[in-house]
Amino acid sequence: MAWPTAEVARMSGVTARTLRHYDEIGLLPPAWIGTNGYRYYEEGELLRLQQILVLRALGLGLPEIGKVLSSQVDEVEALRGHHCRLLAERDRLDALAGTVARTIAELEHSRRDGRPMTINRPENLFEGIQPAQYQESLRDFPELAEAIDRHTATMSDAQIEAGHRERTARMIRLAELMAAGTPADGEPVQAETDAQYQALAGLRAVSAEEYRAMGRSCVENEPWRAAYEAIAPGLAAYQRDAIEAYATARLS
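This text gives an overview of the structure that appears in the document. Since this is a predicted model, take the numbers as computed values, not measurements.

Each value, and the rule that gives it
- Residues numbered from 1 in each chain as written.
- Predicted model: local features only at pLDDT ≥ 70, side-chain atom pairs only at ≥ 80, totals over all residues.
- Heavy atoms only, no water.
- Pairing = 2+ DSSP bridges.
- Helix = DSSP H or I, 4+ residues; strand = E, 2+ residues; numbered from the N terminus.
- Buried < 20%, exposed > 50% of the residue type's maximum accessible area, 1.4 Å probe, protein only.
- Contact = heavy atoms within 4.5 Å.
- Salt bridge = Lys/Arg side-chain N within 4 Å of Asp/Glu carboxyl O.

## Some words on the sheet that holds strand β3 (residues 39-41)
Link 1 in the chain: Taking strand neighbours across the sheet as the criterion, the three strands line up as β1-β3-β2 in an open arrangement whose pairing is antiparallel. At either margin of the open sheet sits one strand with a lone partner, and together these are β1 (3-4) and β2 (32-33).
Link 2 in the chain: Bridge count between β1 and β3: two bridges; the pairing is antiparallel. Looking at the pairing, tryptophan 3 lines up with tyrosine 41 of β3.

## A closer look at helix α2 (residues 16-24)
Link 1 in the chain: When we look at burial in α2, the residues that qualify are Thr18, Leu19, His21, Tyr22 and Asp23.
Link 2 in the chain: Those residues of α2 that are buried are in contact with α1 (5-12), β3, α3 (43-57), α4 (62-71) and α7 (142-152).
Link 3 in the chain: Note on α2: the residue one or two positions beyond its end, glycine 26, has a positive phi of about 80°.

## Some details on the pattern of salt bridges
Link 1 in the chain: Scanning the entire structure with this criterion turns up 10 salt bridges.
Link 2 in the chain: Two residues, arginine 10 and glutamate 7, come together in a salt bridge whose shortest N-O distance is 2.6 Å. In this pair, arginine 10 and glutamate 7 are both assigned in helix α1, three residues apart and thus about one turn of the helix distant.
Link 3 in the chain: Judged by its relative accessible area of 27%, glutamate 7 falls in the partly exposed class.

## Looking at the environment of glycine 66
Link 1 in the chain: Summarising the element assignment, glycine 66 is placed in helix α4.
Link 2 in the chain: Sequence separation of glycine 66 and glycine 26 is 40 residues, and the distance between their C-alpha atoms is 8.4 Å.

Printed below as a string of structure tokens:
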């Protein structure tokens, strides 16, 4: 059997635009192209797409995924390897759930006492949180994801980890501002949003509308929303509103 792009997009949840992008970079060519110009995918391509999505969920960038897939010889052995990675990811999520539970307890305790939250061991906030969440959240922005992949390909593991921790720290700072009742268009929040925007703009031009779309994805894209909500309930909508205010005031 063969399935057209639209059907593969429906089944997998990957946009047709992303499938075209995967074809353009040689990661997932279709089985064949019809006389009508439509791309068609057969079972082999669907299996390859499954592996791509699993590896994306595990935090690998597109260049790394291409290398992994090109080095595979046996599909069963490859799937066993992916299965081991998924089991490790399950353990990571268990650790993340524990991290969030501790943070919730500390925030609730500080609110009852009417004092700011004190973080005795900041590293505990990051336990279980890894870049996979951010890579997966960019699936609707393939051009930006590609720019990030190109940039991270030149970085060391330590630099990538430092960048990830800074992004998570920014989310935590936003959560603290939200808990303090700072409006999303307030100056402290907008300063954090500007730092986020400048980091993206340093990789490629980001228009006001694209930045707004990214803000909406904080709520509408499940992996992205989960990453924010893991820090604090309501943070995804708070970030969306902050980006909307920033795009209106500074980019329009």
